[in-house]
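# Close look at the chain arrangement
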Amino acid sequence: MAKTIFITGASRGFGKLWAEALLQRGDKVIATARDLSTLNDLVSKYGDNILPLQLDVNDRAADIAAIQKAKEHFGSIDVLINNAGYGLFGSVEETSEKEAREQMETNFFGLLWLTQAVLPVMRQQGHGHIIQVSSVLGLVTLPVLGLYNASKFAVEGLSETLAAEVKGFGINVSLIEPNGFATDWAGASSARTVAMPEYNAVRAAFQAGLTDDIFGVPEATTPAVLKLIDSETPPLRLFLGKVAYPWVKQTYEGRFAEWENWNEVASAAHGK
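This write-up is about the structure you can find in this document. (Residues numbered from 1 in each chain as written. Predicted model: local features only at pLDDT ≥ 70, side-chain atom pairs only at ≥ 80, totals over all residues. Heavy atoms only, no water.)

### Some points on the overall build of the chain
- For the chain, the count of helices and strands is nine helices and nine strands.
- In terms of overall size, the chain behaves like a compact globule, its C-alpha atoms giving a radius of gyration of 20 Å where 272 residues would be expected to give roughly 19 Å.
- Along the first, second and third principal axes, the C-alpha atoms of the chain reach 60 × 50 × 35 Å.
- Within the chain, buried positions represent 44% of all 272 residues.
- Partitioning the intrachain contacts of the chain with sequence separation of at least 6 by distance along the chain shows that 71% fall at a separation of at least 24.
- As presented, the chain carries roughly 13,800 Å² of accessible surface, and 56% of it is formed by carbon and sulfur atoms.
- Taking the 23 positively charged and 31 negatively charged side chains of the chain as two groups, their mean positions are separated by 5 Å. (Helix = DSSP H or I, 4+ residues; strand = E, 2+ residues; numbered from the N terminus. Rg over C-alpha atoms; globule rule 2.2 N^0.38 Å. Buried < 20%, exposed > 50% of the residue type's maximum accessible area, 1.4 Å probe, protein only. Contact = heavy atoms within 4.5 Å. Areas by Shrake-Rupley, 256 points an atom, 1.4 Å probe, with all protein chains shown as cover. Lys, Arg positive; Asp, Glu negative; His and termini not counted. Charge placed at Lys NZ, Arg CZ, Asp CG, Glu CD.)

### Details of the side chain of Thr-222
- With respect to the element layout, Thr-222 can be found in helix H7 (residues 222–230).
- Overall, the relative accessible area of 12% leaves Thr-222 in the buried class.
- Not counting chain neighbours up to four residues away, the residues in contact with Thr-222 comprise Trp-18 and Ala-21.

### Observations regarding the packing of aromatic side chains
- Counted according to the given criterion, the structure contains seven aromatic pairs.
- Ring centres 4.9 Å apart and planes at 10° place the aromatic pair Phe-14 and Trp-18 in the stacked group. In this pair, Phe-14 and Trp-18 both sit in helix H1 (residues 13–24), four residues apart, roughly one turn of the helix. By the burial criterion, Phe-14 is buried, and Trp-18 matches it.
- With a centroid separation of 5.1 Å and an interplanar angle of 80°, the aromatic rings of Phe-256 and Trp-259 are classed as edge-to-face. (Phe/Tyr/Trp six-rings, centres within 6.5 Å; stacked < 30°, edge-to-face > 60°.)

### Looking at the nonpolar core
- Judged by nonpolar contacts, the single largest core of 26 residues is most densely connected at Trp-18, Ile-81 and Ile-229.
- Those elements that provide at least two residues to this core are strand E1 (4–7), H1, strand E2 (28–33), helix H2 (40–46), strand E4 (79–82), strand E6 (128–133) and H7.
- Among all residues touching Ile-229, those that are not within four sequence positions of it are Lys-3, Ile-5, Leu-22, Arg-25, Val-79, Ile-81, His-129 and Ile-131.
- By size, the runner-up hydrophobic cluster in this structure holds 24 residues, among which are Leu-51, Ala-70, Leu-114 and Val-118. (Core = buried A, V, L, I, M, F, W, Y, C linked by side-chain atoms within 4.5 Å.)

### With respect to unusual backbone geometry
- At Val-144, a residue that is not glycine, the phi angle is positive and equals roughly 65°.
- Relative to the helices and strands, Val-144 is located in the loop between E6 and helix H5 (146–166).

Below, the structure written as structure tokens:
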């Protein structure tokens, strides 16, 4: 059965790929972008099945209005895919207040505003699926991506809490956790701090670890995302790529070992 899907950040990358795949199979798609011209090809090809909306997700009032317009246009919103976001490259010390706030505004608050806006619609329907495009970097971290890591860690905590709160309304919540993919996320879609020479060695080590094999093929994610959307019992978290799961597993095994070593100290701190 065809679904109505609202997807942000549909101008390029994952958003554009997934929007087109959904349209190809007959779903109705509300596709948002800051520049509507980037959606002209989809509009000309799929006509009335796509509703293009100009949207800056940082604008809470605009987010609420976009959800309302989508509901009025198609009558329902079955799935929200919060895909809009970007990466800020730079060490924590290098990051300005403006850069830090802008990173959180888009990656966390924009996602929050749209989530809040769609919840009344989905509660009234008695069903819905909110899909948050997080990152493996919401579970593990890399140097020179501290604010990006922080924004995705925030998305993880918010979404896991939300899943428990809305389950009784028939609403599912899923987090998509991609590892690196060969999109322009690290190129035109990214931002960079003003570099401090003290962190040159850290940056060099980061760049040295970016081998071709760790980057997946973006088009290969589409079947997994469609399966997630179609699942009656979707998982809370879905990794994308072959790097994410073993990396998270190794990291958490190390964390558990450290926690175990300090557990006697931690338990004594309880006081009774």
